[in-house]
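Coordinates in review
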Amino acid sequence: MSTPAKTLETLLRQQHPAQTNPPPFNPAGTPAEPLPLFVEWFAEAVEAGQPEPHTLSLATVDTESTPDVRTVTLRGADERGWRVATRADSRKGRQLAATPKAALGFYWPTRARQIRIRGPVLPASPEESQADLHARSTGALAAALTGRQSTPLGSLDELAAASTEAWRTAKAEPELNVAQWTVYVVAATEVEFWQHDPARRHVRLAYRRPSPDTATWTRRLLWP
């Protein structure tokens with residue numbers, strides 16, 4: 001085994017959960033639907049000082065059913081589902097067009113909690129997508145204008161030139177629409193709330209429904 005591998009192995013063995021005294025979680029008092037509990041946990045993560053609690057892992061699959069994952073930001077959540085956004089011609093946008101299903105993962109170590117969500121994905125209306133884009137920063141608009149996400153890049157100078165021009169346009173025309181910018185709604189059929197326990201008796205509460213058109217959720221505990 002090489003020295004770097006030994007170093008990594010040592011470092012991994014030294015890691016311990018950041019939360020040594022996690023909050024109690026009693027599934028008996030949870031709401032009939034997952035969204036109110038998600039909002040409650042999100043608020044508690046914010047109050048606990050969790051850095052960037054709105055970031056999440058977004059998992060999709062490509063045309064060969066090979067999984068892909070990346071970190072994105074949550075754009076909102078309501079009765080339709082959880083919302084993320086990207087250009088439709090980005091890698092994740094193309095993957096969602098080919099296979100409109102996704103999984104989301106939130107991890108909040110300050111509360112020793114994670115939330116897993118998965119279900120079919122639907123694009124929001126162009127009006128909602130453009131409103132989302134214009135609610136973001138000038139830099140976000142510039143990035144959306146630059147485009148070409150995940151395609152081969154010839155050099156950093158090429159990126160700098162394209163970005164400079166995009167920033168110029170974004171500052172001059174802050175209400176400019178970017179047709180490819182799309183909000184995607186993950187219409188969850190499964191939402192799991194996971195609470196760490198120091199004795200490894202982790203509490204897992206799973207909400208499930210057969211389709212996004214079903215109003216009633218079922219709840220069940222899962223073995224850790």
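Coordinates for the structure precede this section.
Below is a short write-up of the structure. (Residues numbered from 1 in each chain as written. Predicted model: local features only at pLDDT ≥ 70, side-chain atom pairs only at ≥ 80, totals over all residues. Heavy atoms only, no water.)

**With respect to the overall build of the protein**
The condition that has to hold: Numbering of helices and strands runs from the N terminus, with a helix taken as a DSSP run of H or I at least four residues long and a strand as a DSSP run of E at least two residues long. Buried means the residue's accessible area, taken with a 1.4 Å probe over protein chains only, is under 20% of the maximum for its type, while exposed means over 50%, and partly exposed covers the values in between. Throughout, a residue-residue contact means that at least one pair of heavy atoms, one from each residue, lies within 4.5 Å. Note on areas: Shrake-Rupley with a 1.4 Å probe; residue coverage comes only from the protein chains shown.
A tally of helices and strands in the protein yields 6 helices and 10 strands. For the C-alpha atoms alone, the extent of the protein along its principal axes is close to 55 × 55 × 40 Å. Expressed as a percentage of its 224 residues, the buried residues of the protein come to 38%. For the protein, long-range pairs separated by at least 24 residues make up 64% of all intrachain contacts whose partners lie at least 6 apart in sequence. Approximately 13,200 Å² of the protein is accessible, and the part contributed by carbon and sulfur atoms is 55%.

**A few points about the nonpolar core**
To be explicit about the condition: The nonpolar core is taken to be a set of buried Ala, Val, Leu, Ile, Met, Phe, Trp, Tyr and Cys residues, with the residues joined through side-chain atoms within 4.5 Å.
In this structure, Phe-38, Trp-82, Phe-106, Ile-115, Ile-117, Val-191 and Phe-193 are the most contacted members of the largest nonpolar core, which totals 28 residues. Of all the elements in the fold, those that place two or more residues in this core are α2 (34–47), β1 (55–61), β4 (81–87), β5 (101–108), β6 (113–123), β7 (181–186), β8 (190–195) and β9 (203–208). Examining the composition of this core, we find that 5 residues originate from one element, α2, more than from any other. Setting aside its immediate chain neighbours within four residues, Phe-193 contacts Pro-34, Leu-37, Phe-38, Trp-41, Gln-114, Ile-115, Val-203, Arg-204, Leu-205 and Tyr-207. Core analysis: the next-biggest nonpolar cluster, separate from the first, contains 12 residues, Leu-133, Ala-142, Ala-170 and Val-183 among them.

**Looking at the packing of aromatic side chains**
Put simply, the rule reads: Between rings of Phe, Tyr and Trp, where Trp is taken as its six-membered ring, a pair exists when centres lie within 6.5 Å; planes separated by under 30 degrees are stacked, by over 60 edge-to-face, and by other angles tilted. Either the NZ atom of lysine or the CZ atom of arginine qualifies as a charge over a ring when it sits within 6 Å of the ring centre and within 35 degrees of the ring normal.
Enumeration over the complete set of coordinates arrives at 10 aromatic pairs. Ring centres 5.8 Å apart and planes at 70° place the aromatic pair Phe-193 and Tyr-207 in the edge-to-face group. Highlighted residues: Phe-193 in strand β8 and Tyr-207 in strand β9, separated in sequence by 14 residues. Taking the relative accessible area as the measure of exposure, Phe-193 reaches 0% and is therefore buried. A relative accessible area of 0% means that Tyr-207 is categorised as buried. Judged by centre distance (6.4 Å) and plane angle (80°), the ring pair of Tyr-207 and Trp-217 falls under edge-to-face. With Tyr-207 in strand β9 and Trp-217 in the loop between β9 and β10 (218–222), this residue pair connects regions lying 10 residues apart in the sequence. Considered together, Tyr-207 and Trp-217 belong to a single accessibility category, that of buried residues. Linked through ring pairs, Phe-25, Trp-41, Phe-193, Tyr-207 and Trp-217 together constitute an aromatic cluster. Sitting above the plane of the Trp-41 ring, Arg-113 keeps its charged end 4.1 Å from the centroid.

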